[in-house]
Amino acid sequence: MPVSWLPQLWEESGAVGSHHDLRRALDRIAEAAVSLTGAHHAAVALRDADDGGPGELITHGVSAGAGPPAGASLEVPIQVEGEVCGTLYLAGKGDGEEFSDGDRHLVRVLGAEAGLAVNNARMHAAARQRRRWIEGAASVTTALLAGPETRSTATHALTVVAEQGRELAEAATGAVLLPHAEGGMEVVAISTVLSEDVRTEAFRGWIPPASPVLHQLHAGLAVFSDDFAADPRSVSPLSRHYGPTMLLPLRSNGRVLGALALCRMSGDRRFSHTERTLGTQFAAQAAVALVLVDRHRDRERLAVFEDRDRIARDLHDLVIQRLFATGMLLETARRKALLPEVQEGLGEAIDELDATIQEIRTAIIALQQGPSKAPPGLRTRVLRAAGAALGGRPSVQFVGPVDARVDERTGRELLAALDRALTAVQASPPRVSVVVDTTATLPDGRPRVRLTVRSPDGSHPPVTWEHPLGGHSGC
């Protein structure tokens, strides 16, 4: 083969942009080495970019399928930025002839071209990989910020991170872990190609507080393992499914929010240095996105609370005042009425207005409750219990600072008494009144809380329960 085709070979090696292009360029280099030196056999052996172990092997010549033949041989290192990444081998020159100095010079030129091809392929691969991870991180941020309009739960945000991380890492499983109540971390979102049983098992798994993995994550450091099933640091039964694994801290502003686990199956290729770096950067970006989602949700929640406060003020300042004024007019009319049936009818109307005012006040209290994530106070729990038992139409009145004066244990006993009382009067009309009074006193002067449940029409005897405040002996 004439030397005139060498410029085309160099052009191909310089334009390498994929794994397939690299193989073609190295194959052409091996072919040129055989053709130009008269060797029977040429091989390009590359090293693994991460651990330096055996990598790709490309052969050319009459003995390509049977391995290097006997005879004189020539080896030239293939270098990338001064580091040896492989070797160009030649063997089997005809009639035992030695390779000449010209052959060695030519093969060194071909080795340099092979190094150029490998370098170009690696740079293109790294650029494509970085672009994928950057675009993936951007899509996570977009999906999370758009998510509250359709799926506003925190579970959705965490699942997006797990799904996108798994796809970018080409892993079998992606999972998000958050702090556990007992001090460790637990799986709260997962995306996996494994069976539903594995998914179910994952939600029961967690990292205990004493785990060295947890200490490393809390320090903001990533944990890498080439074989998680055999790693002594692994304490999860799920680890038996996995080989190469990355545990990446979800860290923002110096605070570790949780961790992202990306796991490949046993026997799969290990995560490269570039993948580890990009995975760590993705986890940091995902943590920022989760913080943004929380702030966006807080702003939405604040807007809801502001609307509820406005509605509560309007109900108190406008509606209740007008109903109270109307009640005063009806009371005046009842006193002036001459006919007993008119007085009776006006009295019933006044009672209905009083009940309506009390219901509006109950609604105002409900509107003024704090965030749903905060533990509900006794007022809220009484309202919920009464509404659930009587179809949402009870009249509930609170006297005194109920939430401030009634402790948790007494509150639980009061709710149990309320449940028994409401069960007893459920056969009565739905207009049942419930009064919780913390201003009452015992005969010895000690403060007490009194619960009274009665039906306004007297169809059922009233139920009363009392308990000393600060004590634990119910009455």
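To be clear, the structure that these remarks concern was listed above.
Description of the structure in this document. As the structure is a prediction and not an experimental result, all values here were calculated from the model.

So, how was this worked out
Residues numbered from 1 in each chain as written. Predicted model: local features only at pLDDT ≥ 70, side-chain atom pairs only at ≥ 80, totals over all residues. Heavy atoms only, no water. Helix = DSSP H or I, 4+ residues; strand = E, 2+ residues; numbered from the N terminus. Buried < 20%, exposed > 50% of the residue type's maximum accessible area, 1.4 Å probe, protein only. Contact = heavy atoms within 4.5 Å. Areas by Shrake-Rupley, 256 points an atom, 1.4 Å probe, with all protein chains shown as cover. Pairing = 2+ DSSP bridges. Axes fitted to C-alpha atoms, helices over the stretch in contact; angles between N-to-C directions.

### Observations concerning the overall build of the protein chain
Here's step 1: Summing up its helical and strand segments, the protein chain has 11 helices and 14 strands in all.
Here's step 2: Out of the 475 residues in the protein chain, the part that is buried amounts to 43%.
Here's step 3: A separation of at least 24 residues holds for 57% of the contacts in the protein chain among residues at least 6 apart in sequence.
Here's step 4: A total of about 24,700 Å² of accessible surface is found on the protein chain, and carbon and sulfur atoms cover 54% of it.

### Side note on unusual backbone geometry
Here's step 1: Its identity is not glycine, yet E81 carries a phi of approximately 55°, on the positive side.
Here's step 2: Within the element layout of this structure, E81 appears in the loop between β3 (73-80) and β4 (83-91).
Here's step 3: Under the relative-accessibility criterion, E81 is labelled exposed at 73%.
Here's step 4: Backbone geometry at E170 places phi at a positive 50°, although glycine is not the residue there.
Here's step 5: Position of E170 among the secondary structure elements: in the loop between α4 (154-169) and β5 (173-179).
Here's step 6: E170 sits in the partly exposed class, given a relative accessible area of 47%.

### Quick look at the sheet that holds strand β14 (residues 463-468)
Here's step 1: In space, the four strands of this open sheet follow the order β11-β12-β13-β14, with mixed pairing throughout. Each of the sheet's edge strands pairs with one partner strand only, and the pair in question is β11 (395-399) and β14. Taken pair by pair, the neighbouring strands of this sheet meet at an average axis angle of 15°, ignoring direction.
Here's step 2: Looking at chain direction, β11 and strand β12 (residues 433-441) are connected through five bridges and run parallel. Among the inter-strand pairings, V399 is bridged to a residue of β12, identified as D437.

Shape is all these values report; function is a separate question.
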